[in-house]
Amino acid sequence: MCLKRIDIQGFKSFGDRIKLELHPGLSVIVGPNGSGKSNISDAISWCLGEQRASLLRGSRMEDVIFVGSDKRKPVGMAEVTLTLDNGAKLFSLPYEEISITRRFYRSGESEFLINKVPCRLKDIQALFMDTGLGRGAYSLIGQGKVDEILSSRPEERRTVIEEAAGIVKFRHRKEESLRK
Ligand code: ATP
Ligand code: MG
């Protein structure tokens, strides 16, 4: 697995900056109820481009910004950076390491960066398409996902297989060129 580091600041329960270093092999996050374990997986899907507040367990996108606690004031911006190892060239970019950053301000403004260079959400989605790591891909298996795949209609199940086979990118490009 190529996720090396997660930096979170101002996202959900993480008012202070936190840094999680992940090493090759299995990583497990443990902690009492309400300590922020699921918030970490929300941070990963959010940074990968999740736009549906309900899937981030909120009702509006602003719910991802730290609202303050007894000890700390609310903040004005949520920021998550994922650092991925690209030694095996899984991503079609000529860098050994790739960092993806997403920021969201209370004003409603968003920022996306790849290796600190501003980009569009679409660029991040395109980068992850067919890697099996993107938003909603099978690498993030939420509660109920296995049931959902088993009981889904054949066309929906096909989407999962297409992502795994690496052909989604080409279908998107075809649809885009037909629209132009
Ligand atoms: P469980 O073991 O019950 O699944 P968990 O470790 O997964 O718990 P989370 O769901 O990640 O816990 O964290 C829930 C906590 O995050 C709650 O206390 C909630 O108040 C806090 N939280 C969520 N959004 C925000 C926010 N925007 N600002 C501050 N705190 C938040
Ligand atoms: Mg949880």
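Keep in mind it's a predicted model, so treat the numbers as computed, not measured.

1. Digging into the UniProt feature "binding site: ATP" (unreviewed entry) in the protein
In this structure's numbering, the residues bearing the UniProt feature "binding site: ATP" (unreviewed entry) are Pro32, Asn33, Gly34, Ser35, Gly36, Lys37, Ser38 and Asn39. Along the chain, the position of Ser35 falls in the loop between β2 (18–21) and α1 (37–47). Tracing the sequence through the fold places Gly36 in the loop between β2 and α1. In contact with Gly36, not counting residues within four places along its chain, are Ser13, Phe14 and Gly31.

2. What to know about the site of ligand 1
Residues in contact with ligand 1 amount to 14 residues; listed here are only the nearest, Ser13, Asn33, Lys37, Ser38 and Asn39. When the residues that make up the shell around ligand 1 are grouped by side-chain class, the tally is three nonpolar, eight polar and three charged.

3. Observations regarding the domain arrangement of the protein
Looking at the assigned domains, one finds that the protein contains domain 1 (3–131) and domain 2 (141–180). Centre-to-centre separation of domain 1 and domain 2, based on C-alpha positions: 23 Å.

Cut-offs and rules
Residues numbered from 1 in each chain as written. Chains lettered and ligands numbered in written order. Predicted model: local features only at pLDDT ≥ 70, side-chain atom pairs only at ≥ 80, totals over all residues. UniProt positions renumbered as here; feature names shortened; annotations may be inferred. Helix = DSSP H or I, 4+ residues; strand = E, 2+ residues; numbered from the N terminus. Contact = placed C-beta atoms within 7 Å. Near = placed C-beta within 6 Å. Nonpolar A, V, L, I, M, F, W, Y, C, P; charged D, E, K, R; others polar. Domains from an automatic or database assignment.

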